[in-house]
Amino acid sequence: QVQLVESGGGLVQPGGSLRLSCVASGIIFSIYDMGWFRQAPGKQRELVARISTGGSTIYADSVKGRFTISRDNAENTVYLQMNSLKPEDTAVYYCNTPYVQFTWGQGTQVTVSS
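As the structure is a computational prediction, the values presented were derived from the model and not from experiment. (Residues numbered from 1 in each chain as written. Predicted model: local features only at pLDDT ≥ 70, side-chain atom pairs only at ≥ 80, totals over all residues. Heavy atoms only, no water.)

A. Fine view of the overall build of the chain. Assigned secondary structure in the chain consists of zero helices and 10 strands. Ordered by position from the N terminus, the helices and strands of the chain form the series β-β-β-β-β-β-β-β-β-β. Taken against the 2.2 N^0.38 rule, which gives 13 Å for 114 residues, the C-alpha radius of gyration of the chain at 13 Å falls within 12% of a compact globule. With the principal axes as the frame, the chain shows a C-alpha extent of 40 × 25 × 25 Å. For the chain, the residues scored as buried account for 43% of the 114 residues in total. Long-range contacts, defined here as pairs at least 24 residues apart, represent 54% of the contacts in the chain between residues at least 6 apart. For the chain, the computed accessible surface area is about 5,800 Å², with 47% contributed by carbon and sulfur atoms. If you average the places of the 9 positive and of the 8 negative side-chain charges in the chain, the two averages end up 4 Å apart. (Helix = DSSP H or I, 4+ residues; strand = E, 2+ residues; numbered from the N terminus. Rg over C-alpha atoms; globule rule 2.2 N^0.38 Å. Buried < 20%, exposed > 50% of the residue type's maximum accessible area, 1.4 Å probe, protein only. Contact = heavy atoms within 4.5 Å. Areas by Shrake-Rupley, 256 points an atom, 1.4 Å probe, with all protein chains shown as cover. Lys, Arg positive; Asp, Glu negative; His and termini not counted. Charge placed at Lys NZ, Arg CZ, Asp CG, Glu CD.)

Here it is in structure tokens:
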């Protein structure tokens, strides 16, 4: 059974940083492109970053230059380093494949506020 477990969220002031982690189990992690999504209150879930099996990355314009996605296939983990955080980054963050092939995890809440 596939399980995605996100962690690392929290409350941070504008301009601050957080590093999110997502551990995947029940899959051969290395063969999947992975992505980070977020869902803000009252908004649709959106894909903000993705990383291919080969390490190529793509970012949404809203996070480009501030967020960095990476992966560790040995640890079945995908990371999202978030710098220069803004209040509009407040959301629940989830990982999944970019094509949403697996059941969503519980997500991790990121709140950017002074």
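There's more to say after this.
B. How the structure looks around the pattern of salt bridges. Applying the stated criterion to the full structure yields five salt bridges. Arg38 is the salt-bridge partner of Glu46, the closest N and O atoms lying 2.8 Å from each other. Among the residues examined, Arg38 registers a relative accessible area of 6% and is labelled buried. Between Asp89 and Arg66 there is a salt bridge, and its shortest N-O distance comes to 2.7 Å. One end of the pair, Asp89, is in the loop between β8 (77-82) and β9 (91-96); the other, Arg66, is in the loop between β6 (57-59) and β7 (67-72), and 23 residues separate them in sequence. Comparing Asp89 with Arg66, the two get one shared label, buried. Sharing partners across several salt bridges, the network here consists of Arg38, Glu46, Arg66 and Asp89. (Salt bridge = Lys/Arg side-chain N within 4 Å of Asp/Glu carboxyl O.)

C. Seen up close, the nonpolar core. One finds Trp36, Ile69, Val78, Leu80, Met82 and Tyr93 to be the most contacted residues of the largest nonpolar core, which totals 29 residues. Among the elements of the structure, β3 (18-25), β4 (34-39), β5 (46-51), β7, β8, β9 and β10 (108-112) are those that each provide at least two residues to this core. Sort the elements by how many residues they give to this core and β3 lands first, with four residues. (Core = buried A, V, L, I, M, F, W, Y, C linked by side-chain atoms within 4.5 Å.)

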